[in-house]
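Structural features, examined
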Amino acid sequence: MDEMEEELKCPVCGSFFREPILLPCSHNICLACARNILVQTPDAESPQSSRASGSGLSDYDYLDLDKMSLYSEADSGYGSYGGFVSAPTTPCQKSPNGVRVFPPAVPQPPAQHHLLGHQGSLPPIPRNSCITCPQCHRSLNLDERGLRGFAKNRVLEGVVDRYQQSKAAALKCQLCEKSPKEATVMCEQCDVFYCDPCRLRCHPPRGPLAKHRLVPPAHGRVSRRTSPRKISTCTEHELENLSMYCVQCKMPVCYQCLEEGKHGTHEVKALGAMWKLHKGQLSQALNILSDRATEAKEFLVQLRNMVQHIQENGVEFEACLVAQCDALIDALNRRKAQLLTRVNKEHEHKLKVVRDQISHCTVKLRQTTGLMEYCVEVIKENDPSGFLQISDALIRRVHMTEGQWGKGTLTPRMTSDFDLTLDSGPLLQTIHQLDFVQMKVPAAPMLQLEECCTINNSATLSWKQPPLSTIAVDGYILELDDGNGGQYREVYVGTETICTVDGLHYNSTYMSRVKAFNASGVGQYSKILAMQTSEIAWFTFDPASAHPDIILSNDNLTVTCNSYDDRVVMGNSGFSRGVHYWEITVDRYDNHPDPAFGVARGDVLKDVMLGKDDRAWAMYVDNNRSWFMHNNSHTNRTDGGVSKGATVGVLLDFTRRVLIFLINDEQQGPVAFEGIEGLYYPAISLNRNVQVTLHTGLPIPDFYTPGEADLSGSVC
């Protein structure tokens, strides 16, 4: 019931509908609110509008008046401002905050107040007035009847009354903008519940409002419940009850409308019958809408569950991310400790080398200094003979000591710089590139059945990823079985989402499936789709494999040649399974040539008669007789030739593995070839004296009964 409340509120005043009228656009509005938003068209002249437009009032001067006119019937045609007819004749103004305001009405004498509250006693609406629907903004022109020309929505009014009676909220103040307070009184004339502040502000006990009767809210609700229901009457003939329904205008009408009004020539039906019919239609529509609402509720439950799962997964993923980053930090700290150990070792090594060199140099320097001091003292001696006795030895010692201080001795054995440079660039780049990668395999693709089809012996499959899947896909793998329930094999690997597989067996059912893959692996298979190829082969001659001298026409069904030598042309479909039959009619036959008809491998020679090599099996024929030929071996000469208009039939049966020829619907000779297996293409050879036309998709001749199927043939 709470969800329905918005349907029961006027779009203008925001309160529950009071005397709602039904606009032609099917929207509803309170009668009092309709009078407030009336606008007079520019060609009408009104003293009140001129006076209002020249009053010089600002937009803010009417904010309170506008609020009262929107929510209180006391000053919107039902209270002391009962003659509120001048406001609609002036276009509404807008305050800077977007609130619609209307110039004040010219008050009417208080004696008229007791007449208001009945639509029939309302002051007349100015001519050339219009009303704009507040919901769809459609402008509606009023005729001479004014607002009385709009039907009263009695159904909506009844629903509002029942709703208010069932809700305790009906005892709340109807004018409080936010957090309605408990109503203390109800005005029987205004039919509005007021709290004390709103009563003092909007319904002061002075002037015409002093005569209104205020009752406790509970009494007011009882009076609403017990008020008699008004009988629906015709908007054009107020004394007539609505008793019929106009099918063309889709509205209830009275008998007088049928006799005098515009509905006289329209189709009408009984009001009760149409009431039941429309109730049934509404019930059916509601059933469908109810199903949609049920689906929506289930969907909301799913979304709410997703919110919970997202929150749980978010917490779990965040914890995982923190753990991974902490692991990286721990690894970096361990590596830092290892590098610091290396630096300390280098540091100790340098200190040891320098200290050893310092110790060594200190010893040698002390020895050198002692020798120098000793030599100086020797030089001071005045005994020549004694000096000469030791001078040679001292000179040698001095030279030897000086040599010990030679090159490299006074050079540091170790530099003070550390020759270690930390290569942190790649690591910093890796850290900057640290990001989330796809660690999940793709979801199973969805086959798009509306785009999957088979044509002849080709199958086209289309697929897509599930709509909610965000996992990256690098490509797809399409697999088909052998058409006989065998193992699957890959027929396509790539990034496309549609693939056509050619060269399948005719009259076979292939099982197909597809899966997606990415760097993390291969996902699940899609659902299996069965594809049925054509039961009967339809094909044409293949211009791509034909000899250059071959001339094709008639959509590649008619062939001739521009050479006197025999040239070969093959069909565009190959066979390796089943029973197939096709015919060739001779359109032109001059000078007794020898055309050949049969089957061939894909690499057959194209510039010799069919059957000359070991890759063709054929019957060549002239105007009197025929021969079978394979690998240039001629066998089984048979009487009966061809001429213009003759028909040559070729029957290829892989169940019995035989090849049979017919001329004019009669078998020509015995079985031509046996042991037929593998992949064969229809083929013929001819020269410029012959023109033939191919006919395919033919049933097996009546005289022939195929043998038991042998499905061990090669896959084409």
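Our structure is the block above this text.
Described below are features of the structure shown in this document. (Residues numbered from 1 in each chain as written. Predicted model: local features only at pLDDT ≥ 70, side-chain atom pairs only at ≥ 80, totals over all residues. Heavy atoms only, no water.)

Once that is clear, we can look at the nonpolar core. If you look at the biggest cluster of nonpolar residues, it comprises 38 residues, and the most contacted ones within it are W582, L652 and L659. Mapped onto this core, the elements with two or more residues apiece are β25 (558-561), β27 (579-589), β28 (596-600), β29 (616-621), β32 (647-653), β33 (658-663), β36 (681-686) and β37 (690-695). Ranked by size, the runner-up nonpolar core spans 25 residues in total, among them C25, C30, I37 and L147. (Core = buried A, V, L, I, M, F, W, Y, C linked by side-chain atoms within 4.5 Å. Buried < 20%, exposed > 50% of the residue type's maximum accessible area, 1.4 Å probe, protein only. Helix = DSSP H or I, 4+ residues; strand = E, 2+ residues; numbered from the N terminus.)

Moving on to the sheet that holds strand β9 (residues 185-187). The strands that make up a sheet are held in pairs by hydrogen bonds between backbone atoms, and each pair lies either parallel or antiparallel. Ordered by their spatial adjacency, three strands build an open sheet running β10-β9-β11, and the pairing between neighbours is antiparallel. The open sheet terminates on both sides in strands that have one partner only, identified here as β10 (192-194) and β11 (214-215). Of the pairings in the sheet, the one linking β9 to β11 comprises two bridges and is antiparallel in character. Residue pairing in the sheet places M186 in a bridge with V215 of β11. (Pairing = 2+ DSSP bridges.)

So, on to the pairing of strand β22 (residues 521-525). Looking at chain direction, strand β21 (residues 509-518) and β22 are connected through three bridges and run antiparallel. Paired with N518 across the bridge in β22 is G521. Connecting β21 to the antiparallel partner β22 that follows it, the hairpin turn spans two residues.

This next bit is on the pattern of salt bridges. For the coordinates displayed, the defined rule picks out 16 salt bridges. A salt bridge links R513 to E479; its shortest N-O distance comes to 2.9 Å. Residue R513 is located in strand β21, and its partner E479 is located in strand β18 (residues 475-480); the two are separated by 34 residues in the primary sequence. Judged by relative accessible area, R513 falls into the buried class, the value being 18%. A single network of salt bridges, built from pairs that share partners, joins D603, D613, D614 and R615. (Salt bridge = Lys/Arg side-chain N within 4 Å of Asp/Glu carboxyl O.)

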